[in-house]
Amino acid sequence: MVVAGATTTAVLFRSIEKWRGTLILEGYNPKESDEKEDETKILNCGFERFNPVLRCDKDTGKISPFDTFGPKVISCRGEFKDQALNSRCLTEILQETSRKDLFSLTLS
């Protein structure tokens, strides 16, 4: 599931639970990326099985567990402010290369 920046957290919760695929957050730009943000809760709780995120419907008061377990691929411009989230990530810092032997795409 490739998710763009305009996706709401409600959609994230339901999509992960429904399709159980790999979540790809392309160009992810969290506001604070601290433990209070819903996206951070999804990522922090989603690294292990049987660790649901509980959500409460404001109109009915019904509490629903959402299973957010599954692989996630995140591209962003820096580290997360929440150290627990950083510790759950395998980080690869990309660097520009001057190598000429790598494949390059030329548009005509």
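Presented here is a report on the structure given in the accompanying data block. All values derive from a computational prediction rather than experimental measurement.

**Brief notes about the nonpolar core**
Counting 14 residues, the largest nonpolar core has Leu12, Leu23 and Leu25 as its most contacted members. At the level of secondary structure, the elements contributing two or more residues to this core comprise helix H1 (9-19), strand S2 (23-25) and helix H2 (38-45). Apart from residues no more than four positions distant in its own chain, Leu25 is found in contact with Val3, Leu12, Leu43, Val73, Ile74 and Ser75.

**Observations regarding H1**
Within H1, the full set of buried residues consists of Thr9, Leu12, Phe13, Ser15 and Ile16. Tucked inside the fold, the buried residues of H1 contact strand S1 (2-3), S2, H2, strand S3 (53-56) and strand S4 (63-66). Positive phi appears at Arg20, one or two residues downstream of H1, with a value of about 55°.

**Concerning the sheet that holds S2**
Within the open sheet, the three strands sit side by side as S1-S2-S5. Their pairing is parallel. Where the open sheet ends on each side, the last strands, each with one partner, are S1 and strand S5 (72-74). As defined by bridge partners, S2 adjoins S5 across three bridges and the pair is classed as parallel. Bridged to Leu25 within S5 is Ile74.

**Comments concerning the pattern of salt bridges**
Pairs can form between side chains of opposite charge whenever their charged atoms are close. Counted under the stated rule, the structure contains three salt bridges. One salt bridge connects Asp67 with Arg20, and the closest N-O pair in it is separated by 3.4 Å. Of this pair, Asp67 sits in the loop between S4 and S5 while Arg20 is found in the loop between H1 and S2, placing the two residues 47 residues apart along the sequence. By relative accessible area, Asp67 is classed as partly exposed at 25%. Note that Arg55 and Asp38 form a salt bridge whose closest N and O atoms lie 3.1 Å from each other. Here the residue Arg55 occupies a position in strand S3, and Asp38 occupies one in helix H2, the gap between them amounting to 17 residues.

**Thoughts on the pairing of S3**
Note that S3 and S4 share four bridges and pair antiparallel. For Cys56, the partnering residue across the bridge sits in S4 and is Ile63. Connecting the antiparallel pair S3 and S4 is a turn made up of six residues, with Gly61 showing a positive phi of about 80°.

**Concerning the packing of H1 against H2**
Contact geometry of H1 with H2 gives a least axis separation of 9 Å together with a crossing angle of 20°. In terms of orientation, H1 and H2 fall into the roughly parallel class. The way H1 lies across H2 gives a crossing that is left-handed. Only Asp38, Glu39 and Ile42 of H2 make contact with H1, whose side of the interface consists of Thr9, Leu12, Phe13 and Ile16.

**With respect to the environment of Leu12**
Residue placement: Leu12 occurs in helix H1. Residues Leu12 and Met1 lie 11 residues apart in sequence; the distance between their C-alpha atoms is 9.8 Å.

Criteria and thresholds
- Residues numbered from 1 in each chain as written.
- Predicted model: local features only at pLDDT ≥ 70, side-chain atom pairs only at ≥ 80, totals over all residues.
- Heavy atoms only, no water.
- Core = buried A, V, L, I, M, F, W, Y, C linked by side-chain atoms within 4.5 Å.
- Buried < 20%, exposed > 50% of the residue type's maximum accessible area, 1.4 Å probe, protein only.
- Helix = DSSP H or I, 4+ residues; strand = E, 2+ residues; numbered from the N terminus.
- Contact = heavy atoms within 4.5 Å.
- Pairing = 2+ DSSP bridges.
- Salt bridge = Lys/Arg side-chain N within 4 Å of Asp/Glu carboxyl O.
- Axes fitted to C-alpha atoms, helices over the stretch in contact; angles between N-to-C directions.
- Parallel < 35°, antiparallel > 145°, perpendicular 65-115°, else oblique.
- Left-handed = near helix turned anticlockwise from the far one by under 90°.

Function-wise, these values are silent; they only describe arrangement.
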